[in-house]
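Chains, contacts and geometry: an overview
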Amino acid sequence: MSNIHPTAIIEDGAQLADDVTVGPFAYIGSKVKIGECTTVASHAVIEGDTTIGKHNRIFSHAAIGTIPQDLKFKGEEVQLIIGDHNTIREFTLFNPGTKGGGSVTKIGNGNLFMGYVHLGHDVMIGDRCILANGVTLAGHVELGDHVVIGGLTPVHQFVHVGDFAMIGGASALSQDIPPFCLAEGNRATLRGLNLTGLRRAMDREDINALKLAYRELFEQGQPLQEVAASLLESNDSTKVKQLCEFIQTSKRGIPFTRNENVK
């Protein structure tokens, strides 16, 4: 029995593994490549130069690979690359890259994108991230691994969010969030470490080192870049070094409340 529903439209040139399942009234364009054990539900649309890996689940009415929402786009050759074991829920919208941003939007493995999530052009997403309902990423946003973003949160273009960071729901994020941190609010600011996520993923020694570093960086009222540079030289923790290196390379700045009264 065929895995392709007779009402689905598969354009000539599309490359689907033998066990790909395509539901009723789905559309798959001529440049699309889909790997083993991936399912495409009814009324989903997959267009453009889009490569999708293995064991992905794409739910109904998802729009994957449609042209970027960028007025500068003039039909250049651009790509969308999706890894393995991702869950892409209903009414999601994923755009490919643009010439000005490297021409590629790239998504890693094991991510969950809930309903109505939008990934703008040239977005880069790591592995095992969770984006709740209605999260919208503007162009050029970069997420590390294990990032969690609460529902109805927009993220400004060019923002970078580090590994194991968490953004609270209904926030509005316009600056970079370092790895291991928790942020929320409109505009979102740091509220501490993402301790729940960290406890699930790393040992107590690393967490304690991050706690001490967080206090020095964000609660002592000292210049952020100077503290980060000092910790890089004096601290042996690889997690602390990752945190400080992120701060030093941030282009949009880190949103936190500066304590001017600490002595």
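The structure we're discussing is the one just above.
Residues numbered from 1 in each chain as written. Predicted model: local features only at pLDDT ≥ 70, side-chain atom pairs only at ≥ 80, totals over all residues. Heavy atoms only, no water.

Of the pairings in the sheet, the one linking strand β11 (residues 79-82) to strand β14 (residues 104-107) comprises four bridges and is parallel in character. Pairing of I82 across the sheet is with I107, part of β14. (Pairing = 2+ DSSP bridges. Helix = DSSP H or I, 4+ residues; strand = E, 2+ residues; numbered from the N terminus.)

Time to look at helix α3 (residues 224-234). All buried positions along α3 are accounted for by L224, V227, A228, L231 and L232. Viewed end-on, α3 has its buried residues packed into an arc of 140°, placing them on one side of the element. Exposed and oriented more than 90 degrees from the buried face of α3 are E226, E233 and S234. For α3, the elements touching its buried residues are α2 (204-218) and α4 (238-249). (Buried < 20%, exposed > 50% of the residue type's maximum accessible area, 1.4 Å probe, protein only. Arc of directions from axis to C-beta. Contact = heavy atoms within 4.5 Å.)

Quick look at the sheet that holds strand β7 (residues 45-46) now. As summarised here, the arrangement of the eight strands in space is β1-β4-β7-β10-β13-β16-β19-β22, forming an open sheet in which the pairing is parallel. Each edge of the open sheet carries a strand with a single partner, namely β1 (9-10) and β22 (154-155). Relative to β7, strand β4 (residues 27-28) runs parallel, the two sharing two bridges. Counterpart to Y27 in the pairing with β7 is V45.

All right, on to the packing of α3 against α4 then. In a pair of packed helices, the angle between the axes and the distance between the axes together describe the arrangement. Contact geometry for α3 and α4: axes closest at 9 Å, N-to-C directions at 145°. In this structure, α3 crosses over α4, and the sense of that crossing is left-handed. Contacts between α3 and α4 pair L224, Q225, A228, A229, L231 and L232 from the former with V240, K241, C244, E245, I247 and Q248 from the latter. Considered class by class, the residues forming the contact of α3 with α4 number eight nonpolar, two polar and two charged. (Axes fitted to C-alpha atoms, helices over the stretch in contact; angles between N-to-C directions. Left-handed = near helix turned anticlockwise from the far one by under 90°. Nonpolar A, V, L, I, M, F, W, Y, C, P; charged D, E, K, R; others polar.)

For the rest of this paragraph, the subject is the side chain of T50. Mapped onto the elements of the fold, T50 is located in strand β8 (residues 49-52). In this structure the side chain of T50 is engaged in a polar contact, spanning 2.6 Å, whose partner is the backbone oxygen of E47. Apart from residues lying up to four places away in sequence, T50 is in contact with K31, V32, K33, I64, G65 and L80. (Polar contact = N/O pair within 3.5 Å; in protein donor to acceptor, adjacent residues only side chain to side chain.)

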